[in-house]
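Residue-level structure breakdown
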Amino acid sequence: MSDNNFEQRCAIRFCFKLGHSATETFQKLQQAYGESVLSRAQVFRWFKAFYEGREAIEDEPRNGRPSTAKSDENVIRVRDLVRFDRRLTVRMIGEQLGLTHTTVHHILTNDLEMRKICAKMVPKILSQDQKNYRRDRCLDFLEQIENDPSFLERVITGNESWIFEYA
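These remarks concern the structure in this document. (Residues numbered from 1 in each chain as written. Predicted model: local features only at pLDDT ≥ 70, side-chain atom pairs only at ≥ 80, totals over all residues. Heavy atoms only, no water.)

1. Focus: the packing of aromatic side chains
Counting across every chain of the model gives 3 aromatic pairs. Here Phe16 and Phe50 contribute two aromatic rings whose centre-to-centre distance is 6.4 Å and whose plane-to-plane angle is 35°, an arrangement assigned as tilted. Of this pair, Phe16 sits in helix H1 (residues 3–18) while Phe50 sits in helix H3 (residues 40–51); the two residues are 34 residues apart in sequence, bridging distant segments of the chain. A ring pair is formed by Trp46 and Phe50, whose centres lie 5.7 Å apart and whose planes are at 35°; its orientation type is tilted. Of the two residues, Trp46 and Phe50 both sit in helix H3, 4 residues apart, roughly one turn of that helix. Phe50 carries the same exposure label as Trp46, and that label is buried. Among the aromatic side chains, those forming a connected cluster through ring pairs are Phe16, Trp46, Phe47 and Phe50. (Phe/Tyr/Trp six-rings, centres within 6.5 Å; stacked < 30°, edge-to-face > 60°. Helix = DSSP H or I, 4+ residues; strand = E, 2+ residues; numbered from the N terminus. Buried < 20%, exposed > 50% of the residue type's maximum accessible area, 1.4 Å probe, protein only.)

Written out as structure tokens, the structure is:
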């Protein structure tokens, strides 16, 4: 809970104790907090809760797991697993670490700045040498296809090996 919300809840409770109405309380909060004021509905909900006998200002504990499993520890676990085997899918990483695939995807793309290329997780930022190497390999591949039209069919069927390696 933010400090601002906590302050406003204290103010709501204070106004309630003084006998002000919910509308008066909301107007005073608007005057004091401007654009960062709680919504009118939220002020009225809290006012009603105090009217019904609630004394606590803090949020009540909630059931279930936290909204996100993204932590520094999990970022490190995902990083280590991907470095060990870059061919793991996002779902496979999630299953092994007990995380959702969405959390794993966010960790890989946002925290580790990786993206998927040819079923491998690789860094987003490549050196100029790596970019040149990839371009040259692609040009070699295209040239091979132009020179031998059946080459692509052989690669697809597995009768020809053509491996793109990452520098």
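2. Structural notes on the pattern of salt bridges
A complete count under the given rule lists 6 salt bridges for this structure. Note that Glu55 and Arg13 form a salt bridge whose closest N and O atoms lie 2.6 Å from each other. Of this pair, Glu55 sits in the loop between H3 and helix H4 (72–84) while Arg13 sits in helix H1; the two residues are 42 residues apart in sequence, bridging distant segments of the chain. With a shortest N-O distance of 3.9 Å, Lys48 and Glu52 are connected by a salt bridge. As far as the burial class goes, Lys48 and Glu52 line up, both exposed. Put simply, Arg13, Lys17 and Glu55 are held in one network by salt bridges that share partners. (Salt bridge = Lys/Arg side-chain N within 4 Å of Asp/Glu carboxyl O.)

3. Focus on unusual backbone geometry
A positive phi angle is found at Glu113, which is not glycine, with a value near 50°. Relative to the assigned elements, Glu113 resides in the loop between helix H6 (101–111) and strand E1 (114–117).

Everything listed here is a matter of coordinates, which is why it stays silent on function.
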